[in-house]
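Residues per chain are reported as follows:
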Amino acid sequence: MTGKRKRYSAEFKAKVALEALRGEQTVAHLAAKHGVHQTMINAWKKQAVEGMATVFSGKVEAADAVRESEIDQLHAKIGQLVVERDFLRRASGR
């Protein structure tokens, strides 16, 4: 077999998982409708349920804020090192 593995976008997965969570159609019907395996739909549904708590907890925003502060600190350190390097270069007579 030389087939390529198909990748699905996050939007598509969310759409299918939401349809499965609504329960208006069976997983078998959704699998036939969207052309994916039932196991994949069940896995996406499980991921959606597990990920729902993070949507309401604000952890994502907190993680982004921490990341931004780390980036700012690293940029400040880079600037400091550049100034020190230039000073030492001038002091050594190059």
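Not measured: the values here are computed from a predicted model.

Calculation notes
Residues numbered from 1 in each chain as written. Predicted model: local features only at pLDDT ≥ 70, side-chain atom pairs only at ≥ 80, totals over all residues. Heavy atoms only, no water. Helix = DSSP H or I, 4+ residues; strand = E, 2+ residues; numbered from the N terminus. Expected span 1.5 Å × (residues − 1). Buried < 20%, exposed > 50% of the residue type's maximum accessible area, 1.4 Å probe, protein only. Arc of directions from axis to C-beta. Contact = heavy atoms within 4.5 Å. Core = buried A, V, L, I, M, F, W, Y, C linked by side-chain atoms within 4.5 Å. Polar contact = N/O pair within 3.5 Å; in protein donor to acceptor, adjacent residues only side chain to side chain. Axes fitted to C-alpha atoms, helices over the stretch in contact; angles between N-to-C directions. Parallel < 35°, antiparallel > 145°, perpendicular 65-115°, else oblique. Nonpolar A, V, L, I, M, F, W, Y, C, P; charged D, E, K, R; others polar.

Undergrad: Please provide a residue-by-residue account of helix 1 (residues 10–22), values included.
TA: If you check helix 1, its first and last C-alpha atoms are 18 Å apart, about what 13 residues at 1.5 Å a residue would give, namely 18 Å. Buried within helix 1 are the following residues: Val16, Ala17, Glu19 and Ala20. Considered in projection along helix 1, the buried side chains sweep an arc of 160 degrees and stay on one side of the axis. Pointing more than 90 degrees away from the buried face of helix 1 are the exposed residues Ala10, Glu11 and Arg22. Here the buried face of helix 1 lies against helix 2 (27–34) and helix 3 (38–57).

Undergrad: Break down the nonpolar core for me, with residues and values.
TA: In terms of nonpolar packing, the biggest core is built from nine residues, these being Tyr8, Val16, Ala17, Ala20, Leu30, Ala31, Val36, Ile41 and Trp44. For this core, the secondary structure elements donating two or more residues are helix 1, helix 2 and helix 3. Per-element tally for this core: the top contributor is helix 1, with three residues. Each residue touching alanine 17, except ones within four places of it in the same chain, is listed here: Trp44, Lys45 and Ala48.

Undergrad: Account for the side chain of histidine 34, naming residues and giving values.
TA: Relative to the assigned elements, histidine 34 resides in helix 2. With relative accessibility at 17%, the residue histidine 34 sits in the buried group. A polar side-chain atom of histidine 34 sits 3.1 Å from a polar atom in the side chain of glutamate 19.

Undergrad: Lay out the packing of helix 2 against helix 3 in plain terms, naming residues and giving numbers.
TA: Across the interface, helix 2 lies against helix 3 with an axial gap of 9 Å and an inter-helix angle of 110 degrees. In terms of axis orientation, helix 2 runs roughly perpendicular to helix 3. Residue-level contacts link Val27, Ala28, Leu30 and Ala31 of helix 2 to Gln38, Ile41 and Asn42 of helix 3. Grouping the amino acids of the contact of helix 2 with helix 3 by side-chain chemistry returns five nonpolar, two polar and no charged.

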